[in-house]
Amino acid sequence: PDNYIVQNVDSVKYDEEIATICFKLANDFIQKNNNSDDEEVNAQVLIVKYLLFRFLNYEYDKYVTTKELKKQLEYTKFSDLSTQKFRMRIIAKLRDNGVIISGSSAKKGYKIPSNEKELLDFINHGTSIIMPMLFRLRKCRDLIKLGTTNNLDLFQRTEYKSLKKYFDDIEVHHDQL
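All residue numbers refer to position in the chain's written sequence, counted from 1. Totals for whole chains, interfaces and linings use every residue, but because this is a predicted model, local features are given only for residues with pLDDT of at least 70 and side-chain atom pairs only at 80 or more, for both listing and counting. Side-chain figures throughout are based on the complete set of non-hydrogen atoms in the structure, without hydrogens or water.

A tally of regular secondary structure across the protein gives 6 helices and 3 strands. Exposure categories follow from relative accessible area, calculated using a 1.4 Å probe and restricted to protein chains: below 20% of the type maximum is buried, above 50% is exposed, and the middle band is partly exposed. Among the 177 residues that make up the protein, the fraction classed as buried is 32%. By definition in these notes, contact holds between two residues if any of their heavy atoms fall within 4.5 Å. Partitioning the intrachain contacts of the protein with sequence separation of at least 6 by distance along the chain shows that 52% fall at a separation of at least 24. Surface accessibility follows the Shrake-Rupley procedure with a 1.4 Å probe radius. Residue values consider only the protein chains on display as shielding. Just so you have it, the protein exposes about 11,900 Å², and 55% of that area is on carbon and sulfur atoms. Strands here are runs of E lasting at least two residues and helices are runs of H or I lasting at least four, both read from the DSSP assignment and numbered beginning at the N terminus.

Below you can see the structure in the form of structure tokens.
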């Protein structure tokens, strides 16, 4: 379906440019992975196809519930995935592969975005998880450094190099203010 064109919809909720970009990225994933030998990738393709189907044939502005998406996997080996594993193995990996999927806990579902607000739903949801976790990580690091009079920095380990850089950069920026 790479020849589908997202039609302009008479609605203030619809942004043709955003909808077209998100549609194309989802469709590109399908085209690239449609004949995969990996069952998990095939399950991801199935979910993207369903999200696009709903986007094109029903209401482009409606979220699809997790339950409804999981039902699409009913006849695959992924039919019994817990909600958490569905999010990790299907939705998260799709996002890792460049498929933009809006998610909203308030709307209890997912969709291919058709406007900026739906993109912000995804960012807001992620931020509500990421920011408290970053705060906890920094607090843990700072308390251990303080307690060991700077003899132990938990982020000195090679595998935490990016975290160390992130927090050190924030500290430098904060000091410059």
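This brings us to the pattern of salt bridges. Salt bridge, as applied in this entry: a Lys or Arg side-chain nitrogen positioned within 4 Å of an Asp or Glu carboxyl oxygen. In this structure the tally under the stated criterion is 13 salt bridges. Asp142 is the partner of Arg138 in a salt bridge, and the nearest nitrogen-oxygen pair spans 3.6 Å. Separated by 4 residues within a single helix, Arg138 and Asp142 lie in helix H5 (residues 116-147), roughly one turn from each other. Take Arg138: its relative accessible area is 27%, and that puts it in the partly exposed class. Judged by relative accessible area, which is 32%, Asp142 ranks as partly exposed. Note that Lys165 is salt-bridged to Asp169, the shortest N-O span being 2.8 Å. With Lys165 and Asp169 both in helix H6 (residues 161-176) and 4 residues apart, this pair spans about one turn of that helix. Taken together, the shared-partner salt bridges in this structure form one network comprising Arg141, Asp153, Lys164 and Asp168.

Another aspect to go through is the nonpolar core. Buried Ala, Val, Leu, Ile, Met, Phe, Trp, Tyr and Cys residues form a nonpolar core when they are joined through side-chain atoms within 4.5 Å. Ile47, Val48, Leu69, Leu73, Phe86, Ile90 and Leu94 are the most contacted members of the largest nonpolar core, which totals 31 residues. Those elements that provide at least two residues to this core are helix H1 (16-33), helix H2 (39-57) and helix H4 (83-96). Broken down by element, the residue count for this core peaks at 9 residues, all from H2. If near-sequence neighbours (up to four positions away) are discounted, Val48 is found in contact with Ala26, Phe29, Ile30, Leu94 and Val99.

Any two packed helices are characterised by how steeply their axes cross, that is the angle between the axes, and by the distance between the axes. Working convention: axes come from line fits to C-alpha atoms, limited for helices to the stretch in contact. Angles between N-to-C directions cover 0 to 180 degrees. Where H2 contacts H4, the two axes come as close as 10 Å, and the packing angle between them is 70°. In terms of axis orientation, H2 runs roughly perpendicular to H4. Note that H2 runs across H4; the crossing there is right-handed. Contacts between H2 and H4 involve Glu40, Ala43, Gln44, Ile47 and Val48 from the former and Phe86, Arg89, Ile90, Ile91, Lys93 and Leu94 from the latter. Of the residues contributing to the contact of H2 with H4, the split by class is 7 nonpolar, 1 polar and 3 charged. Here the angle decides the label: under 35 degrees means roughly parallel, over 145 means roughly antiparallel, 65 to 115 means roughly perpendicular, and every other value means oblique. Left-handed describes a crossing whose near helix is turned anticlockwise from the far helix through less than a right angle; right-handed describes the clockwise counterpart. Basically, the charged four are Asp, Glu, Lys and Arg, the nonpolar ten are Ala, Val, Leu, Ile, Met, Phe, Trp, Tyr, Cys and Pro, and anything else, Gly included, counts as polar.

Okay, the sheet that holds strand S2 (residues 102-104) next. Any two strands are treated as partners once DSSP identifies two or more bridges connecting them. In spatial order, the strands read S1-S3-S2; together these 3 strands make up an open sheet with antiparallel pairing. Each edge of the open sheet carries a strand with a single partner, namely strand S1 (64-65) and S2. In this structure, S1 lies alongside strand S3 (residues 109-111), joined through 2 bridges in antiparallel fashion. Looking at the pairing, Thr65 lines up with Gly109 of S3. Lying over the sheet, H5 contacts S2 and S3, oriented at roughly 60° with respect to S2.

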